[in-house]
Amino acid sequence: MRFTTGSLLLLELATTVLAVPEKAEAVKRAFEISWEGYYNYSFPHDTLHPVSNGFEDDRNGWGVTVVDALSTAIIMGETGIIHRMLDHIAKIDFTTTARPDDRISLFETNIRYLGGLISGYDLLKGPMRNLKLDSRKVQTLLKQAESLADTLSFAFDTPSGIPDSAVFLNPSKRTSGSNENSLAEAGTLVLEWTRLSDLTGNPNPEPWPGLVGNTLSTADGSFLNSDGGWSGGTDSFYEYLMKMYQYDPEAYGEYKERWVLAADSTMKHLASHPTSRKDLTYLSQFSGQTLDPVSTHLASFAGGSFILGGVVLNEAKYKKFGLELAESYFNNYRQSPSGIGPEVFSWVDATLPRGGGNNNPPQSQRQFYEKSGFYTTAGSYILRPETLESIYYAYRLTGDDKWQKMAWQAFGSISKACRTGSGYAELRDVMQPDGGGFYDQMQSFWMAETLKYLYLIFADESEVQLQLQGGAKSKFVFNTEAHPLRIRG
């Protein structure tokens, strides 16, 4: 599995990416099934319950699946679906919520709603303008993005400028009043808000260098702890450091420097190899300088982040490390009985003291650990995209069809285990061959991210695709919800 710098450079020089139309069409059909189920049983509410054919308003009742899935529908050229989406988006009132005291997550609203609106606008005004949609409806996307950002902006009215993590609009505008916010929630705003500003014209303690704690004070911006890693609560902060540099390297050079510090410290301190599978590389979590060999499905995006950093900075060591991570985290799909990676998993690291989280797996999983290099501590799968995200970056870098084969294997496993009722449902336990039963929910990121990355892995070359070979420059940067935003300049 370990890649040498020489073999990596040969891969980049010798291969080109090739579309596989029949597989792209199969992914597209999964998107259509998901939309049909949502539209028939959930629209205009937020989230489909595919098992019971019901719905819930878990994202403030504005129709998050519509907005979040828009950019995927555009990339797939689904004009009939897009028309319905645009008609609904024009009617959303982002200045209030239907339910009183409905908590609005600044982070989730930013990445799903704001990112989706801006991306839809960028795509339909740019490479997908050939779809010839009503220009007034396209312009409404930008107007709605402005309305939403204006509505949310008072979240930043704190003593430090670190935003409150949540706001309320009904019956009156107010913040949650929390005295803290997570690193990811505070740090995963800059890309979407900067792009909107460009379109409209409205202008800490570290355990290791670049690796910071996961909780910030809204009073003074200080870090309240030194716990973290590349999983939930911190993940997209590190992701956006490099993506802002990709967006505009002249304006955001400091972001690059921070990413390099974090990346080098990650490679030096967090990279971990299980005792039973030294060929694998996972990323440990940390508390201060105490390491815990545990990781998550969320963290599997890190391979893509390192690949992107390696391309943008023309630095082979980051590309190499990113490919190692991408293949290692896909190992969880290869090894689990359902063919899908678990939500949380652990391993044993021989270089760390025993105790805490660095213990032998439970007896029931010891044989599995010897073969697989990990054991599961939370076996759910909620239709997450992160492993496929890194596979997409790895394929765009190398052009090696082994990454397409991985993606197709994952798609087959997900389709077999998750397809039920009117859509695709979340799984209770990937350690069971059939997924162990369902959670009755189809989160919007299934259509926004998971299916988009799968589709792009097999789709034709286009302006939207990331350009990661031969010094070519990408025209779009993907936000953390896989919404393509046009790069400045």
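Residues numbered from 1 in each chain as written. Predicted model: local features only at pLDDT ≥ 70, side-chain atom pairs only at ≥ 80, totals over all residues. Heavy atoms only, no water.

Within an unreviewed UniProt entry, the label attached to the protein chain reads alpha-1,2-Mannosidase, and the organism entered is Hirsutella rhossiliensis. Database annotation for the protein chain, UniProt heading Sequence similarities (unreviewed entry): "Belongs to the glycosyl hydrolase 47 family." (UniProt positions renumbered as here; feature names shortened; annotations may be inferred.)

Visitor: Just give me the short version of the nonpolar core, but keep the residues and values in it.
Guide: Judged by nonpolar contacts, the single largest core of 134 residues is most densely connected at F31, M85, I340, Y381, L451 and F478. Broken down by element, this core gets its largest block of residues, 10 residues, from helix α5 (residues 106-125). Discounting residues that sit within four places of it in the chain, F31 has contacts with A69, T72, A73, M76, I81, M85, M447 and L451. (Core = buried A, V, L, I, M, F, W, Y, C linked by side-chain atoms within 4.5 Å. Buried < 20%, exposed > 50% of the residue type's maximum accessible area, 1.4 Å probe, protein only. Helix = DSSP H or I, 4+ residues; strand = E, 2+ residues; numbered from the N terminus. Contact = heavy atoms within 4.5 Å.)

Visitor: Which residues make up empty space enclosed by the protein, and what values go with them?
Guide: To locate leftover empty space, one rolls a probe as large as a water molecule over the atoms. The computed volume of the largest cavity comes to approximately 40 Å³. E239, K243, F301, G304, S305, L308, E389 and Y393 are the residues that line the largest cavity. At the level of elements, α9 (235-247), α11 (302-313) and α14 (386-398) are the ones that each hand at least two residues to the lining of the largest cavity. Top element by residues in the lining of the largest cavity is α11. It accounts for 3 residues. Of the residues that constitute the lining of the largest cavity, the class distribution is 3 nonpolar, 2 polar and 3 charged. (1 Å grid on protein atoms, 1.4 Å probe; cavity = no way out; pocket = protein on both sides within 12 Å on 5 of 7 lines; lining within 4 Å. Points joined across faces, edges and corners; volume = space filled by probe spheres on them. Nonpolar A, V, L, I, M, F, W, Y, C, P; charged D, E, K, R; others polar.)

Visitor: Report on the sheet that holds strand β13 (residues 294-296), specifying residues and quantitative values.
Guide: Read from one edge of the open sheet, 3 strands run β13-β14-β15, paired in antiparallel fashion. The sheet terminates laterally at β13 and β15 (375-378), the two strands that pair on one side only. Shown here is a sheet whose adjacent strand axes are inclined to one another by a mean of 35 degrees, direction ignored. As paired strands, β13 and strand β14 (residues 344-346) are joined by 3 bridges and run antiparallel to one another. Pairing of S295 across the sheet is with F345, part of β14. (Pairing = 2+ DSSP bridges. Axes fitted to C-alpha atoms, helices over the stretch in contact; angles between N-to-C directions.)

Visitor: Could you give an account of the environment of S380, with specific residues and numbers?
Guide: With respect to the element layout, S380 can be found in the loop between β15 and α14. S380 sits 34 residues away from S346 along the chain, and the two C-alpha atoms are 14 Å apart.

Visitor: Just give me the short version of the sheet that holds strand β11 (residues 285-287), but keep the residues and values in it.
Guide: The strand order across the open sheet formed by 3 strands is β8-β11-β12, and the pairing between neighbours is antiparallel. Only two strands of the sheet have a single neighbouring strand rather than two, namely β8 (227-228) and β12 (290-292). In terms of strand pairing, β11 meets β12 through 3 bridges, oriented antiparallel. Bridge pairing links Q285 to D292 in β12.

Visitor: Give me helix α8 (residues 190-200): which residues, what numbers.
Guide: Every buried residue of α8 is listed here: L191, E192, T194, R195, L196 and S197. Once α8 finishes, G201 follows within two positions and takes phi at roughly 85 degrees, a positive value.

Visitor: Requested: an account of unusual backbone geometry, with residues and values cited.
Guide: Here F43 and P44 are connected by a cis peptide whose omega angle stands at 0 degrees. Position of P44 relative to the elements: it lies in the loop between α2 (21-41) and β1 (47-49). Note the cis peptide between N170 and P171, where omega equals 10 degrees. With respect to the element layout, P171 can be found in the loop between β4 (166-168) and β5 (174-175). One non-glycine residue, N53, adopts positive backbone phi at about 60 degrees. Relative to the assigned elements, N53 resides in the loop between β1 and β2 (54-56).

Visitor: Before we move on, can you summarise the environment of V477 with the specific residues and values?
Guide: Along the chain, V477 turns up in strand β20 (residues 476-478). Owing to a relative accessible area of 0%, V477 belongs among the buried residues under this scheme. Excluding residues that lie within four positions of it along the chain, V477 makes contacts with L191, K243, Q246, Y247, H483, P484, L485 and I487.

Visitor: Account for the packing of aromatic side chains, naming residues and giving values.
Guide: Two aromatic rings, taken as a pair, are described by how far apart their centres are and by the angle between their planes. Applying the stated criterion across every chain yields a total of 30 aromatic pairs. Their ring planes at 70 degrees and their centres at 5.3 Å tell us that F156 and W193 sit as a pair that is edge-to-face. Within this pair, whereas F156 is found in the loop between α6 (135-152) and β4, its partner W193 is found in helix α8, the two being separated by 37 residues in sequence. For W193, a relative accessible area of 21% puts it in the partly exposed group. For the ring pair Y392 and Y393, a centre distance of 5.9 Å and an interplane angle of 80 degrees mean the geometry is edge-to-face. (Phe/Tyr/Trp six-rings, centres within 6.5 Å; stacked < 30°, edge-to-face > 60°.)

Visitor: Can you break down the UniProt feature "active site" (unreviewed entry) in the protein chain residue by residue, with the values?
Guide: In the numbering adopted here, UniProt assigns the feature "active site" (unreviewed entry) to E108, D235, E343 and E386. In this structure, E343 sits in the loop between α12 (316-335) and β14. With relative accessibility at 16%, the residue E343 sits in the buried group. Note that E386 resides in helix α14. Leaving out residues up to four positions away in the same chain, E386 has contacts with H297, L298, S300 and F301.

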